[in-house]
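Close look at the chain arrangement
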Amino acid sequence: MRTWLRNPLAVLTPEGVDGRGGIVIEDDHIAEVLPAGAQPNRPVDERFDATDLVVLPGLINTHHHFYQTLTRACPAALNKELFAWLQSLYPIWAGLDADMIHVATRLAAAELLLSGCTTAVDHHYIFPVAVPEALDVQVEAIRTMGIRAVLTRGSMSLGEDQGGLPPRNTIQDEETILADCERVVGRYHQPDNGAMLQIALAPCSPFSVTEELMRETARLARKYGVRLHSHLGETRDEDEFCLATFGVRPVDYLERVGWLKSDVWLAHGIHFTDAEIDRLGRAGVGICHCPSSNMVLGSGICRTRELEAAGCPVGLGVDGSASNDCSNLIQEVRQALLIGRLRYGAAAVSHLDALRLATTGSAACLGRADIGTIEPGKQADLALFTLDAPRFSGAGNPLAALVLCGAHRAAHVLVAGTWQVRDGSLVNTDLTTLQAEHAAAAQRLFS
Ligand code: ZN
């Protein structure tokens, strides 16, 4: 099956590549990118008129906690900084059941797809006693949504009574965690190009797991060739916690446990010194920038330019929906532009810089060479936007307009060459029903 997306209004291609003639998709991948006026090399089965559409590589979200869609704008956690915010939410999250995790996963995937996201990472680290196989629940849910996913098997093992932050009923012992990590990697991880589902291993943060678990998780990940993920450098409180508990700052701790490597990507990465940025860059550690979450919790501003200059892949993430509180990735691109300009100045950060984070930067964080750009051979993951809403009226540069005028909903989305969103609606999911089920689950969690 060959489909020609003809003559787009604008298309985000690699620098120097003219894509104004459109994109030919063959099955699950991009076969041709055509300059203005060019015709496909071979006949096509379908022509899709893209003259009113701005085409982006499908956006890639590199950090989320899907279950947190159930605790958005949570009264107990409003207006708090990270540690106090977490301590208000842990007891609520301890009540998650399998149905709640299932519907939260589907709802988050729906939100992401509708915002132009085609690959989504989730970091799930709450395994209540009632749901020890929470990752299997997520796998089943995500497969119904048609989005490409990297599910990370998170963990917490350092309870309050051992000097950690989370309460006892939200943590698991290390043996259980490692056995489950090994099980889900073996059962679900697809290593090949075009993988629709990958697994990564993701101890939650330095203040919620033991040093031993960090080391053992890395050993396991390298044994099976999967990536490692965690939170790091989010707040100054974390610096103090690491100094008091481990006697070193977070990056030194990372090195000590064998994590200063290029198979690691970290969420936030705000509070690094120049020397630490240099070390992270030389090691090729990826950083997921989460601008909205960092603003909501007042955590600080990630030094994206310095990190990129040092050699770190820098991607973009909406973070969990208890600290954003939505899962809209194209909106997050705008947030990255705005906060980047606040730090570096208006001339230093363009709309293309912000889009780069959510495309090639995010793909590099995940170690994926098959997604993130519009080039022949890459997966046919595309997000198509119209500029027909009042907010875009009169706009000059279509790609800049998407970011500056605040696009928030894709018109059409393709994942691996299959339409998952058409005319602003999910193709395979009844959103009204899903939303009703999700709202009921949230209410159950609080009752
Ligand atoms: Zn997070």
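1. Examining the overall build of the protein
Secondary structure assignment for the protein yields 14 helices and 18 strands. Taken over C-alpha atoms, the radius of gyration comes to 21 Å for the protein, in line with the 22 Å a tight globule of 447 residues would show. Expressed along its principal axes, the backbone C-alpha trace of the protein runs to roughly 65 × 45 × 45 Å. Across the 447 residues that make up the protein, the buried fraction comes to 61%. Relative to all contacts within the protein whose residues are 6 or more apart in sequence, the contacts with residues 24 or more apart total 75%. Carbon and sulfur atoms make up 50% of the accessible area of the protein, which totals about 16,300 Å². Mean positive and mean negative side-chain charge positions of the protein (37 and 53 charges, respectively) differ by 3 Å.

2. Remarks on the sheet that holds strand S3 (residues 22-26)
Pairing is mixed in the open sheet, where four strands are placed in the order S4-S3-S1-S5. Here the strands that pair on one side only, and so sit at the sheet edges, are strand S4 (29-34) and strand S5 (46-49). Neighbour-to-neighbour, the strand axes of this sheet turn through a mean angle of 20 degrees, independent of strand direction. Relative to S5, strand S1 (residues 2-6) is paired through four bridges, and the arrangement is parallel. Counterpart to leucine 5 in the pairing with S5 is phenylalanine 48.

3. Some details on the sheet that holds strand S15 (residues 382-386)
Taken in spatial order, the six strands make up an open sheet running S2-S6-S15-S16-S17-S18, and their pairing is mixed. With one partner strand each, in any of the chains shown, strand S2 (10-11) and strand S18 (425-426) form the two edges of the open sheet. Sheet topology note: the S2/strand S6 (residues 53-57) ladder contains two bridges and is parallel. Bridge assignment links alanine 10 to a residue of S6, and that residue is valine 54.

4. So, the domain arrangement of the protein
Split into domains, the protein comes out as domain 1 (2-57 + 375-426) and domain 2 (59-365). At the junction of the two partners, domain 1 supplies 28 residues and domain 2 supplies 24 residues. Together domain 1 and domain 2 conceal approximately 2,000 Å² of surface at their shared face, both sides included; 71% is due to carbon and sulfur atoms. Ranking the residues of domain 1 by area buried against domain 2 places Val403, Val415 and Leu426 at the top, with a combined share of 27%. The interface formed by domain 1 and domain 2 contains one salt bridge. A salt bridge links arginine 148 to aspartate 381; the shortest N-O distance between them is 2.8 Å.

5. As for the coordination of the zinc ion
For the zinc ion, the protein coordination sphere consists of His63 (NE2), His65 (NE2), His231 (NE2) and Asp319 (OD), at 2.1 to 2.4 Å. One can describe the donor arrangement at the zinc ion as irregular, given that its four donor atoms subtend angles of 88 to 170 degrees at the metal. The sequence motif formed by the donor residues of the zinc ion is H-x1-H-x165-H-x87-D.

6. Observations regarding the pairing of strand S10 (residues 197-203)
Along S10, seven of the seven residues are buried, which leaves the element largely enclosed by surrounding structure. Side chains of S10 alternate between two faces, with Leu197, Ile199, Leu201 and Pro203 and Gln198, Ala200 and Ala202 buried alike. Pairing analysis gives seven bridges linking strand S9 (residues 148-155) to S10, with the strands arranged parallel. Within S10, the position partnered with serine 155 by the bridge is proline 203. Tracing the backbone out of S9, into helix H4 (residues 174-188) and back to the parallel element S10 gives a crossover that is right-handed.

7. A short note on helix H14 (residues 431-446)
The periodicity of an α-helix, 3.6 residues per turn, causes residues three or four places apart in sequence to face the same way. Here H14 is 16 residues long and its end C-alpha atoms lie 23 Å apart, about the 22 Å a rise of 1.5 Å per residue gives. Where H14 is concerned, the buried positions are Leu434, His438, Ala441, Ala442 and Leu445. Summarising the axial view, the buried residues of H14 lie within an arc of 100 degrees, below the 170-degree limit, and thus occupy one face. Looking at H14, the residues exposed on the side facing more than 90 degrees away from the buried face are Thr432 and Gln443. Of the surrounding elements, those touching the buried residues of H14 are helix H1 (82-93) and helix H2 (98-114). The backbone nitrogen of threonine 432 has a side-chain oxygen 3.1 Å away, supplied by the residue at the start of H14, namely aspartate 430.

8. Considerations on the side chain of threonine 429
As for its placement among the helices and strands, threonine 429 is situated in the loop between S18 and H14. Classification of threonine 429 by relative accessible area gives buried; the value is 12%. Residue contacts for threonine 429: discarding those within four places in its chain leaves Arg106, Thr144, Met145 and Leu434.

9. Observations concerning the pattern of salt bridges
Following the criterion strictly, the structure yields 29 salt bridges and no others. Where aspartate 18 meets arginine 20, a salt bridge forms, and the shortest distance between an N and an O atom there is 3.0 Å. Exposure remark for aspartate 18: the relative accessible area of 26% places this residue in the partly exposed category. Residue arginine 20 is classed as exposed on the basis of its relative accessible area, which comes to 51%. Ionic contacts of the salt-bridge type, sharing partners, join the residues Asp136, Arg153, Asp180, Arg183 and Arg187 into one network.

About the cut-offs
All residue numbers here refer to positions counted from 1 along the written sequence of the relevant chain. The predicted nature of this model means local features are confined to residues of pLDDT at least 70 and side-chain atom pairs, given and counted, to a pLDDT of 80 or more, with totals for whole chains, interfaces and linings taken over all residues. By convention in this description, side-chain values take in all heavy atoms of the structure and omit both hydrogens and water. Numbering of helices and strands runs from the N terminus; a helix is a DSSP stretch of H or I covering at least four residues, while a strand is a stretch of E covering at least two. Radius of gyration: over C-alpha atoms. The globule rule applied is 2.2 Å multiplied by the number of residues raised to the 0.38 power. Whether a residue is buried, partly exposed or exposed follows from its accessible area with a 1.4 Å probe, protein chains only, as a fraction of its type maximum: under 20%, in between, or over 50%, in that order. Only heavy atoms enter the contact rule, under which two residues are in contact if any of them lie within 4.5 Å. Only the protein chains shown count as cover for residues, and all accessible areas are computed by the Shrake-Rupley method using a 1.4 Å probe. Charged-residue counts in this description rest on Lys and Arg as positive and Asp and Glu as negative, His and the chain ends being excluded. Taken as the charge location is NZ of Lys, CZ of Arg, CG of Asp or CD of Glu. Any two strands between which DSSP finds at least two bridges are classified as paired. To get an axis, fit a line to the C-alpha atoms, keeping to the stretch in contact for a helix; angles then go from 0 to 180 degrees between the N-to-C directions. For each domain, the first and last residues come from an automatic or database assignment. Accessible area, probed at 1.4 Å, shrinks when two parts are joined; the buried area is that loss added up over both. Throughout this description, the term salt bridge denotes a Lys or Arg side-chain nitrogen within 4 Å of a carboxyl oxygen of Asp or Glu. In this listing, donors mean N, O and S atoms no farther than 2.8 Å from the metal, or 3.2 Å for Na, K and Ca; water is missing from the atoms, so a site can look incomplete. When four donors show all angles between 85 and 135 degrees the site is tetrahedral, when four or six donors have opposite pairs over 155 degrees and all other angles between 65 and 115 it is square planar or octahedral respectively, and in every other case it is irregular. We call a crossover right-handed when, viewed with both strands directed away from the observer, the connection leading from the first strand over the helix to the second proceeds clockwise. In a helix, the anticipated span is given by 1.5 Å times the number of residues less one. It is the directions from the helix axis to the C-beta atoms whose arc is reported. Any pair of N or O atoms that falls within 3.5 Å is considered a polar contact. Within protein, one atom must be able to donate a hydrogen and the other to accept it, and sequence-neighbouring residues count only if both atoms are side-chain atoms.

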